[in-house]
Amino acid sequence: GVHLLRRQQEAMGNKCCQCQGQEAEAVTAINAQAYGQFDPEETLDTKRSAVTAVFQLPNGSTKEIDFTTRPWGIDFTKSVPVTVKRVRANSHASSVGVQVDWVALKVGGKDLPAEFGEAMKIIQNHVLSLPENK
């Protein structure tokens, strides 16, 4: 009995190691992307004049919205798919017509990944690349 249990633990232990390997790879990819932002050729692009987001509407159609300043004034759900939970009154998002229950599909031409943390990182990076609304 004990022998079998130990085998299971070993098997599970191996699985854990594989997971860690994958996570480590993911982290490396993120770092590489971050370094990419300091590429001299990209400095012009880091401050964008507009970020286009593609939303899926409750009726199944999609809509592109151009954001030109930050903050957007959108509260998103804390899970995927990243969905508009609230649009703040008199915000940039309300002036461009964003509505509650719209699902963010793409931001700045990037498909939002199925992992919430990664998706929010993409959204935040793009929001921060816009000029602040004074």
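See above for the structure.
Residues numbered from 1 in each chain as written. Predicted model: local features only at pLDDT ≥ 70, side-chain atom pairs only at ≥ 80, totals over all residues. Heavy atoms only, no water.

## A look at the packing of aromatic side chains
Thinking step 1. The tally for this structure, following the rule as stated, stands at three aromatic pairs.
Thinking step 2. Between Phe 55 and Trp 102 the ring centres are 5.6 Å apart and the planes differ by 50°, which places this aromatic pair in the tilted class. Of the two residues, Phe 55 is situated in strand 1 (residues 51-56) and Trp 102 in the loop between helix 3 (92-95) and strand 5 (103-107); the sequence distance between them amounts to 47 residues. With respect to class, Phe 55 is no different from Trp 102; both count as buried.
Thinking step 3. Taken together, the ring pairs connect Phe 55, Phe 67, Trp 72 and Trp 102 into an aromatic cluster. (Phe/Tyr/Trp six-rings, centres within 6.5 Å; stacked < 30°, edge-to-face > 60°. Helix = DSSP H or I, 4+ residues; strand = E, 2+ residues; numbered from the N terminus. Buried < 20%, exposed > 50% of the residue type's maximum accessible area, 1.4 Å probe, protein only.)

## So, the environment of Ser 129
Thinking step 1. With respect to the element layout, Ser 129 can be found in the segment after helix 4 (116-128).
Thinking step 2. When the C-alpha atoms of Ser 129 and Ser 49 are compared, they prove to be 8.4 Å apart, with 80 residues separating the residues in sequence.
Thinking step 3. A distance of 2.6 Å separates a polar side-chain atom of Ser 129 from the backbone oxygen of His 126. (Polar contact = N/O pair within 3.5 Å; in protein donor to acceptor, adjacent residues only side chain to side chain.)

## Quick notes on the pairing of strand 1
Thinking step 1. Both strand 1 and strand 2 (residues 62-67) contribute to a ladder of six bridges, which runs antiparallel. Paired with Phe 55 across the two strands is Lys 63, which belongs to strand 2.
Thinking step 2. Hairpin connection of strand 1 to strand 2: five residues between the antiparallel strands, including Gly 60 at a positive phi of 95°.
Thinking step 3. Sheet topology note: the strand 1/strand 5 ladder contains four bridges and is antiparallel. (Pairing = 2+ DSSP bridges.)

## Some points on the pattern of salt bridges
Thinking step 1. Per the stated rule, a full pass over the model turns up five salt bridges.
Thinking step 2. With its nearest N and O atoms 3.8 Å apart, the salt bridge here joins Glu 132 to Arg 70. Of this pair, Glu 132 sits in the segment after helix 4 while Arg 70 sits in the loop between strand 2 and strand 3 (74-76); the two residues are 62 residues apart in sequence, bridging distant segments of the chain.
Thinking step 3. Looking at Arg 70, the relative accessible area reads 21%, which means it is partly exposed.
Thinking step 4. One salt bridge connects Asp 111 with Lys 106, and the closest N-O pair in it is separated by 4.0 Å. (Salt bridge = Lys/Arg side-chain N within 4 Å of Asp/Glu carboxyl O.)

## Section: the side chain of Ser 91
Thinking step 1. Mapped onto the secondary structure, Ser 91 falls in the loop between strand 4 (84-87) and helix 3.
Thinking step 2. Not counting residues up to four positions away in its chain, the partners in contact with Ser 91 are Trp 72 and Gly 73. (Contact = heavy atoms within 4.5 Å.)

## Observations concerning the environment of Ile 123
Thinking step 1. With respect to the helices and strands, the residue Ile 123 is situated in helix 4.
Thinking step 2. When the C-alpha atoms of Ile 123 and Val 107 are compared, they prove to be 6.3 Å apart, with 16 residues separating the residues in sequence.

## A word on the nonpolar core
Thinking step 1. Residues Phe 55, Phe 67, Trp 72, Ile 74, Phe 76, Val 98 and Ile 123 are the most contacted members of the largest nonpolar core, which totals 24 residues.
Thinking step 2. Contributing elements (two or more residues each) for this core: strand 1, strand 2, strand 3, strand 4, strand 5 and helix 4.
Thinking step 3. Here this core gets five residues from one element, more than from any other, and that element is helix 4.
Thinking step 4. Among all residues touching Val 98, those that are not within four sequence positions of it are Phe 55, Ile 65, Phe 67, Ile 74, Val 84, Val 87 and Ala 93. (Core = buried A, V, L, I, M, F, W, Y, C linked by side-chain atoms within 4.5 Å.)

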